[in-house]
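# Commentary on secondary and tertiary structure
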Amino acid sequence: MPDAELAVTGRVFALRNIRIYFAKKGRLKFVSHLDMTRFMARIITKSKISIWYTEGFNQHIYMNFALPLSLGYEGLYEIMDFRLIDDNYSIEDCLESLKKVSPPDIEFLKIRENFAPMKEIAFAEYIMDFETLSDEAALKLSEFLKRESIICSKKGKKGKIREIDIAPKIKSFNIENNSLKLILTAGNENTLNPSLVLDAFFEACEIPQIFYTVKRTMVFNEKLEEFE
Amino acid sequence: MEIKELEKFLLSVQKPGRYSGGEINSVIKDKSKIDVRFAFCFPDTYEIGMSHLGMKILYSQFNQRDDIWCERVFAPWLDFEEVMRKNNIPLFALESRDPIKDFDFIGFTLQYEMSYTNMLNMLDLAGVPLRSADRKDLSPLVVAGGPCVCNPEPIADFVDLFFLGEGEEVDLEVIDLYKEYKKAGKSKLEFLIAASKIEGVYVPSLYDVSYNGDGSIKAVTPLHDAPKTIRKRIIKDMDKSYYPESFVVPFIEIVHDRAVQEIFRGCIRGCRFCQAGFIYRPVREKSVDTINRQAKCLCENTGYDEISLSSLSTSDYSGIEPLLNKLLEWTDDNHVSLALPSLRIDNFSDELLDKIKHIRKNGLTFAPEAGTQRLRDVINKNVTEEEILSTCKTAFLGGYTSVKLYFMLGLPTETDEDLKGIADLGQKIVNMYYDMPERPKGKSVSVSISVSTFVPKPFTPFQFEPQITEAEMRRRQEYLKSCITTKKISLSYHDSSTSFLEGAFARGDRRLCGVLENAYKNGCKFDSWTECFDLEKWLDAFEKSGLTAEYFANKEYSYDEILAWDHLDYAVSKNFLINENRKAKEAKTTQNCREKCAGCGASCYGEGVCFEKH
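Residues numbered from 1 in each chain as written. Chains lettered and ligands numbered in written order. Predicted model: local features only at pLDDT ≥ 70, side-chain atom pairs only at ≥ 80, totals over all residues. Heavy atoms only, no water.

### Description of the overall build of chain B
Across its full length, chain B carries 21 helices and 19 strands. Here the C-alpha atoms of chain B give a radius of gyration of 25 Å, agreeing with the 25 Å that 2.2 N^0.38 yields for 614 residues. For the C-alpha atoms alone, the extent of chain B along its principal axes is close to 75 × 65 × 55 Å. Scored against the burial criterion, the 614 residues of chain B give a buried share of 59%. Taking the intrachain contacts of chain B between residues at least 6 apart in sequence as the baseline, contacts between residues at least 24 apart amount to 77%. A total of about 24,400 Å² of accessible surface is found on chain B, and carbon and sulfur atoms cover 49% of it. Side-chain charges of chain B comprise 79 positive and 94 negative groups, with the mean position of each set lying 1 Å from the other. (Helix = DSSP H or I, 4+ residues; strand = E, 2+ residues; numbered from the N terminus. Rg over C-alpha atoms; globule rule 2.2 N^0.38 Å. Buried < 20%, exposed > 50% of the residue type's maximum accessible area, 1.4 Å probe, protein only. Contact = heavy atoms within 4.5 Å. Areas by Shrake-Rupley, 256 points an atom, 1.4 Å probe, with all protein chains shown as cover. Lys, Arg positive; Asp, Glu negative; His and termini not counted. Charge placed at Lys NZ, Arg CZ, Asp CG, Glu CD.)

### Digging into the interface of chain B and chain A
Counting residues at the interface gives 29 residues for chain B and 22 residues for chain A. Between chain B and chain A, the buried area comes to about 2,300 Å², and carbon and sulfur atoms account for 59% of it. The largest per-residue losses of area from chain B upon contact with chain A belong to I24, F251 and H335 of chain B, which jointly make up 27% of the total buried on that side. Linking chain B with chain A are five salt bridges, by the criterion used here. (Buried area = accessible area lost by both parts, 1.4 Å probe. Salt bridge = Lys/Arg side-chain N within 4 Å of Asp/Glu carboxyl O.)

### Remarks on the sheet that holds strand β3 (residues 105–109) of chain B
Residues and elements named next belong to chain B. Taken together, the six strands give an open sheet; going across it, the order is β2-β1-β3-β4-β5-β6, and neighbouring strands pair in mixed fashion. Pairing within the sheet leaves two strands with one partner each, and these edge strands are β2 (68–74) and β6 (201–202). In the sheet, strand β1 (residues 36–42) pairs with β2 via seven bridges, with the strands oriented parallel. The partner of F38 across the bridge, within β2, is C70. Along the sheet face, helix α6 (residues 116–126) touches β1, β2, β3 and β4 (141–145) and points at about 160 degrees away from the line of β3. (Pairing = 2+ DSSP bridges. Axes fitted to C-alpha atoms, helices over the stretch in contact; angles between N-to-C directions.)

### Concerning the confidence of the model for chain A
Residues at a pLDDT of 70 or more form 94% of chain A, whose mean pLDDT is 88. The model gives residues 1–9 of chain A a pLDDT under 50, and that stretch makes 18 contacts with residues more than four places away or in other chains. (pLDDT = per-residue confidence, 0-100.)

### Notes on the domain arrangement of chain A
All names here are of chain A. Here chain A is partitioned into domain 1 (5–115) and domain 2 (120–221). Taken together, the contact pairs 13 residues of domain 1 with 15 residues of domain 2. With a closest N to O distance of 2.9 Å, R216 and E78 form a salt bridge. Counting the contacts that link domain 1 with domain 2 gives eight residue pairs in polar contact (both at pLDDT 80 or more). When grouped by side-chain class, the residues that make up the side of domain 1 that touches domain 2 number seven nonpolar, three polar and three charged. (Domains from an automatic or database assignment. Polar contact = N/O pair within 3.5 Å; in protein donor to acceptor, adjacent residues only side chain to side chain. Nonpolar A, V, L, I, M, F, W, Y, C, P; charged D, E, K, R; others polar.)

### A short note on the sheet that holds strand β10 (residues 259–262) of chain B
Residues and elements named next belong to chain B. Read from one edge of the open sheet, three strands run β10-β13-β14, paired in parallel fashion. Two strands lie at the open edges of the sheet, namely β10 and β14 (337–339), each paired on one side alone. On average, each strand axis in the sheet is inclined to that of its neighbour by 25 degrees, with strand direction left out of account. Looking at chain direction, β10 and strand β13 (residues 306–310) are connected through four bridges and run parallel. Bridging from a neighbouring strand, Q261 pairs with L309 of β13. Sheet strands in contact with helix α10 (residues 288–302) are β10 and β13, and its direction is about 165 degrees off that of β10.

### Description of the environment of A75 of chain B
Residues and elements named next belong to chain B. Structurally, A75 can be placed in the loop between β2 and α5 (78–86). Between the C-alpha atom of A75 and that of L364, which follows or precedes it by 289 residues, the distance is 33 Å. With residues near it in sequence (within four places) discarded, A75 still touches F42, P43, D44, T45, N118, M122 and F526.

### Considering the state of the cysteines
Overall, the coordinates contain zero disulfides over all chains when judged by the stated rule. C483 of chain B carries a free sulfur, and the closest cysteine sulfur to it, the one in C392 of chain B, is 20 Å from it. (Disulfide = S-S within 2.5 Å.)

### Quick word on the packing of helix α4 (residues 53–64) of chain B against helix α7 (residues 167–183) of chain B
All names here are of chain B. Packing of α4 against α7 leaves a shortest axis separation of 11 Å and a crossing angle of 45 degrees. In terms of orientation, α4 and α7 fall into the oblique class. Crossing of α4 against α7: the hand is right-handed. Counting all contacts with α4, which are made through I57, L58, Q61 and F62, the residues of α7 involved are G167, E168, D171, L172 and I175. (Parallel < 35°, antiparallel > 145°, perpendicular 65-115°, else oblique. Left-handed = near helix turned anticlockwise from the far one by under 90°.)

### As for the side chain of K457 of chain B
Residues and elements named next belong to chain B. Its location among the elements puts K457 in the loop between β17 (446–453) and α16 (470–483). Among the residues examined, K457 registers a relative accessible area of 14% and is labelled buried. A polar atom in the side chain of K457 sits 3.3 Å from the side chain of E113. Not counting the four nearest positions on each side in its chain, K457 is found in contact with E113, Q275, Q463, E502 and A506.

Structural data, given as structure tokens:
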């Protein structure tokens, strides 16, 4: 996207598109996506970085998140875009300012000014840690995930329940030591929630629910390279 | 408890953000370096408690001290309570997730009577015996403050010590005394006796209450040399008083999700039904500079994009115009919006009006409280019909098409004519709208009338008055409904059974402690939530104690009778309240504090509006 220009008190600033990468951990996993946007806006305000506000009747900080994370999940590689209006500001200083005002459960990892468009996101990696996973259940899970077709019902946006095959959306998996690593399709309305995979497994194999936690560990492009 | 252990449970309940802690600006300390741990409890949900300014002030103030760690505790909602009980999770504080039964202080702020059962439920969830007498050790001490504490008798058996009035100074004095007594290995009784000598501290177990045969109070006798009357504490100089530089900013949306800047305490008006108007006297203002500095600091430290001015009546702030001018100098540029609750704009300059024009308006609301001028004079509410109509007219011209009016039903001396007056006032507003040729084109007008039920409260001139019976409340509600003949007016009521119980507990005495415990055992909690309130359980609780709610709610007290709260001194004298009660019966108004001093007694502190030069 070409940089837009904005006139502020007579001076013309170039808007700078910035991408920040962060981890959302610990107590922050209980913060929903909607609450997360409000939280980010407050951190940004506190940090006093010169952020760009939208120019409508209801002006608000412009923010764009890569893949909204479900309530209860941790994210170790979360991505958010915003715009700066100060062209003399080093982005490293911007990162430091954000770090300074953040509570411990959010960790800002890096900041970039050159990055790929969000639409190039193709896959995401999740790690699911089970409270216990017996050898028998692990075997069943492994067999289940190798099936050519996994039909499960999903509630659509209008409340309609439709049947979808999620097997093609499972790129790869790995099971070891009570934990399951999944690489699933993501982005471009192709995002698969890992809980859906496990729900389908528990139902199909008639296994009682086992408690597990979910971490999204990485986001990839089509070539399975780290998305930046 | 570690967050890892807790998360399994949190993932199964609604809004886990209520219980997770870890918000921006929440205070974490090294507990090995702490002398006093204070669990600050709000007996309602997180969203309500986190909106409360008093808690924010004391939380920050206590935590300024290196030897104190103050943490927040809220009433868990029904779903999480069930999980806690099933899995033996004791009530914990949000910051450390440590069980509060091991704390030095468990402090409650009591904002409304209907939260009392939640206090008992929280003590039980904490694993702490409910009754003060059953807690033998020095800690945990159960303490309480807040407006309800001006008649703490219905909860006197559960709380070790009450803070009367404003807490900023007295709370810390008590904590310091506690530190000393804990170190010296003194007993709970020794500590309570010593604490009772601090001004503003009421230790109910040091007072013996006896009753006459008819149920009235015979005498309140101090024991162990406790003071005969206990005077509330106030902060004399508001510019020098502590105010937080930051608030804990919640992750989830709360009721008042914004920065709040206090501008003054007390109210000059003296509306005779209003407890807040009397118990917070005298009026003490902060200066324009202090408010401006504190407000700016709060916005910077919280990241909030909205700030609201807080007081009982914003328009009565003596420097409102210079204040708004100062605030507007920086709020817009910082994308901060200013919320101005209950602001009367009649006498503002055109220039200022122009500046605040774009401030987001919360809709147009009035609180005439009563339907006729006669009854408004009885309650000393200085709003006239002409004022309401002319303000509505200005608002309609400015494009508004809806108005909200607040009234009270069951006020002393109220007749059906006064109720009809409510409907008539609504009708007059509707008529005026349609008589205006310049009204907004093609838009209908809507007047919503919201009616609550009058509850006589301690330390008001109406403290002697009976509340009308529940049956009479319903009759009057029905009558009022029948007076409204247009669909342009909508009518809503406050639930009559809740008001009735509130009436009983507001003016009740110590015998209600047993009723409260019975109600709690019957499963009453979150009584201010309609989905939880169950009148039957409450009536059963009264019956088990051999009492009736009617006795307390519907009783008329004579001027010379001993009231359950007479040994507490809130700086307004009983003689003044009697005099005001007499004037009410004659429909005579009393001027506000700035017009003419009415001699209520609040000048005893030597500060505030009583000493302003007019």
